[in-house]
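Coordinates in review
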Amino acid sequence: MASPPSSLSRRGFLAGTGTLGAATSVGRAATTTPASDASRPDWSLDAPDAENFEPELTADGSVYAFARTDAKGTGPAERSLLAVDAATGERRWSYDLPSIVLGPILVDGTLYVSAVDSVDDDRPEWRLIAIDAVTGDRSWRTMLTNDFVPLPAVEPGTVLLTRKSGLVALDAESGGRKWTFREPRDAFGRSVIVGSMAYVGAANGVFAVLTDDGTKQWQSDSWESQRPAVLAADDDYVYCADEESVFALVAGDGEIAWSHPFSGYPRTLLDDGTLYCWTDETLHAVDVGGGTVRWTYDEPGGIGTGLTLADGALFATVDDDPPRDEFHVVNVDDGSQRWSMDLPGSPTGRSWGGVHDGVAYVVERDGLVARDAADGTERWTFETDERPHGAAFGDDTLVFGTEASLYGFDLAESGLASLADDATTFLGSTAGLALSGLVVGTGALAAYRRLNDDADDHVDGDSPADEQMSDGESADADATDDEPEPEFGRLERLDSDAVTETYRVRERTPDGSRVVVETRLTDPALAEPFRASVARWAHLDDRDGVVPVLDHDDERVVAPVLDGSLADADRPFEDRVHALSDANLTVHRAHDDGILHGGVTPSAIRLDGDDALVGDWELGAALVDHREPSPFDAPEQRNGSGTVDERTDVYRLGATAAAVLDVDAVDDVTDASASSERSDDLERVLATATATDPADRYGSVVKFDDMLRWAALRS
């Protein structure tokens, strides 16, 4: 049996700040007189289902861009990651994401994106997603707990995540955990990887660890610094900052090499023996060998963003006070200003542009302006009445994004190169609604309404209860106060056992009618354990991966209508593995808070599109002695011979996996030992999870999840 990797769970927190620029005023750089017809892009792309195109990067003939879907506000805000042919503009694939995203990072043919539905609450739940850059297929996904920095550092073979308690390394191919380093306290910011070393700052110092296995090489705790952040590193030094200084540590042993009293955490760029540090008001060029400040530049009086080195100069936008953006170009040999300009308007793009073959392409309010990198002379303009959203470069390709379109320019062969001495103007098409920044989704309420609308569509005509109902009337004249019926009545019986019944129900609410799934207790003697279990479920329902509780009392629990459950087993094998893994991680997070499930079955894992949600929390454990025996019951539940704990959930999740992971989907999943064509590795993993003696099972759900994904998804 090959050695398996391991993995990590789960929810992250938002860390760091964005670098979006806003621009105002009028230009100071020289402008030529328009002298020719408009130059047009080599291609353009728009889509009826997307707006606000934000090009991020180009590589291997593709452009990767984010696009906002449902931008007019008719539903929850979402984004898609698009792959577009850089030469033709042909859309290759798209991957749907929540409304807020970080990344992408592209390494070895894989795109890494962190995404979250909302950051309105104190515990946003981030997903780190690995996407095949060629096909757009998801390679793996992991949830990040709220002590993680959501965006990783990545090197070939390793994805390195910072959490408050240290570092966690994931296998880049599988997402499984490779190692964990726990010595840092309140680790801060993303780690920096150079060769075989990773560096991270924490409240108790700066740490250096080997990326292969997480072995600590040194800890620099002699620097009396509050939460030092690692800014950059090379083979000789590790460059760090805190709120009062910038300092360098020797890469070999962590000793202090030099320091400077630069305030705040500066924007930095390391290049050819010089560390460029842009603080609140001043750009400093520091010789890294001895720490000497070669020169300073304080002309703009603001902090620079989007630092780019090209043609012997540093290019950056500068956030001034009062708020307006300027564009500055600084000679790197002596710190003198080469040229500058005001940026009119307020472009919302993530990137000001870039430099190619002696030309600086700058995103402005009205479009894209090409200026001579040497003196700022305007070469040409590409104007559009579509609000800009940034630009990306790759080899000889420039991709410009607006609220309505992507535009592609071949800088080597298009008409733009031949018009280098002329200013030209092209007016783009009018498109859509102008929106800027990160727009948060409308939240759970809209999602519930969408689900309820979908559920209504599944009902052909009105039910008999609907025909008999009028406002304020009971659906059943014989109903007693002890057993109230929903106002609109039961539409379909979904499940039942000795103590509960589950129906699809249409009911009236202050916002109108809705269709829900209602599980009702049929034995009043069990009202107290039922109520306590449902209350704990409701306490969990704002978390990712948990079926929401819309309403509950001593006798019933109401949940939204979803797309089915793993009991249906009508999905491809890999989709079932991913759904099981999602359920595993949800149960694992609950264990971290001391909550057991105790009743996991395939029907308890509900499906909502590509997502798996876990329901029936603690009901199984609370009612197990009163229900018929289930093939998913752990031995300690069947015979009462042992303690019900986390390993009980390991057993039930393993039994559920055994039931649903046939190579060929079955029509109905009821057998926890379903026959299959599973691999020997997978059979051994499932056998360990469902061992009779709890001590022989995996010690945690996350360990079982690691092994399950390794055995089920390895080629």
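Rules and cut-offs
Residues numbered from 1 in each chain as written. Predicted model: local features only at pLDDT ≥ 70, side-chain atom pairs only at ≥ 80, totals over all residues. Heavy atoms only, no water. Helix = DSSP H or I, 4+ residues; strand = E, 2+ residues; numbered from the N terminus. Buried < 20%, exposed > 50% of the residue type's maximum accessible area, 1.4 Å probe, protein only. Contact = heavy atoms within 4.5 Å. Pairing = 2+ DSSP bridges. Axes fitted to C-alpha atoms, helices over the stretch in contact; angles between N-to-C directions. Phe/Tyr/Trp six-rings, centres within 6.5 Å; stacked < 30°, edge-to-face > 60°. Polar contact = N/O pair within 3.5 Å; in protein donor to acceptor, adjacent residues only side chain to side chain. Patch = residues over 30% accessible without salt bridge, like charges linked within 9 Å, V, L, I, M, F, W, Y side chains within 5 Å. Areas by Shrake-Rupley, 256 points an atom, 1.4 Å probe, with all protein chains shown as cover. Salt bridge = Lys/Arg side-chain N within 4 Å of Asp/Glu carboxyl O. Lys, Arg positive; Asp, Glu negative; His and termini not counted. Charge placed at Lys NZ, Arg CZ, Asp CG, Glu CD. Core = buried A, V, L, I, M, F, W, Y, C linked by side-chain atoms within 4.5 Å.

**A word on the environment of Asp221**
Inspection of the secondary structure assignment puts Asp221 in the loop between strand S17 (216-220) and strand S18 (229-233). What makes Asp221 exposed here is its relative accessible area of 53%. Measuring from C-alpha to C-alpha, the distance between Asp221 and Val206 comes to 6.8 Å, with 15 residues separating the pair along the chain. Those residues in contact with Asp221 that sit more than four places away from it in its chain are Asn204 and Gly205.

**Re the sheet that holds strand S31 (residues 359-364)**
Ordered in space as S30-S31-S32-S33, the four strands form an open sheet in which the pairing is antiparallel. Two strands bound the open sheet, and with one partner strand each, they are strand S30 (353-356) and strand S33 (378-383). Each adjacent strand pair in this sheet contributes to an overall mean axis angle of 15°, direction not counted. Relative to S31, S30 runs antiparallel, the two being bridged by four bridges. Within S31, the position partnered with Val355 by the bridge is Ala360.

**Remarks on the packing of aromatic side chains**
All chains considered together, the criterion is met by 20 aromatic pairs. For the pair Tyr64 and Trp93, a centre-to-centre distance of 6.2 Å together with 45° between the ring planes defines the contact as tilted. Of this pair, Tyr64 sits in strand S3 (residues 62-69) while Trp93 sits in strand S5 (residues 91-97), and the two are 29 residues apart along the sequence. For the residue pair Tyr64 and Trp93, the accessibility class agrees, reading buried in each case.

**Re the side chain of Glu636**
Looking at the secondary structure, you find Glu636 in helix H7 (residues 635-639). Of note is the side chain of Glu636, whose polar atom sits 2.8 Å from the side chain of Thr648. At a separation of 2.8 Å, a polar atom in the side chain of Glu636 contacts the side chain of Arg697.

**Looking at the sheet that holds strand S26 (residues 303-310)**
Strand order across the open sheet formed by four strands is S26-S27-S28-S29, with antiparallel pairing between neighbours. Unpaired on one side and paired on the other, S26 and strand S29 (337-342) mark the two borders of the sheet. Pairs of neighbouring strands in the sheet enclose a mean axial angle of 15°, with direction left out of account. In this sheet, strand S28 (residues 325-331) lies alongside strand S27 (residues 313-319) in antiparallel orientation, the contact comprising seven bridges. Bridging across to S28, Leu314 finds its partner in Val330.

**Observations regarding a negative patch on the surface**
Taken together, the side chains of Glu78, Asp96, Asp137, Glu574, Asp575 and Asp610 define an acidic patch exposed on the protein surface. One can find Asp575 in helix H5 (residues 573-592).

**A word on the nonpolar core**
In this structure, Trp537, Leu580, Trp617, Leu661, Leu682, Phe704 and Leu708 are the most contacted members of the largest nonpolar core, which totals 56 residues. Among the elements that take part in this core, helix H8 (residues 646-660) stands out by supplying eight residues, more than any other. What Leu580 contacts, discounting residues up to four positions off in sequence, is Leu566, Ile605, Thr656, Ala657, Val660, Leu661 and Leu708. In this structure, Ile100, Ile105, Tyr112 and Ala130 belong to the second largest nonpolar core, which totals 18 residues.

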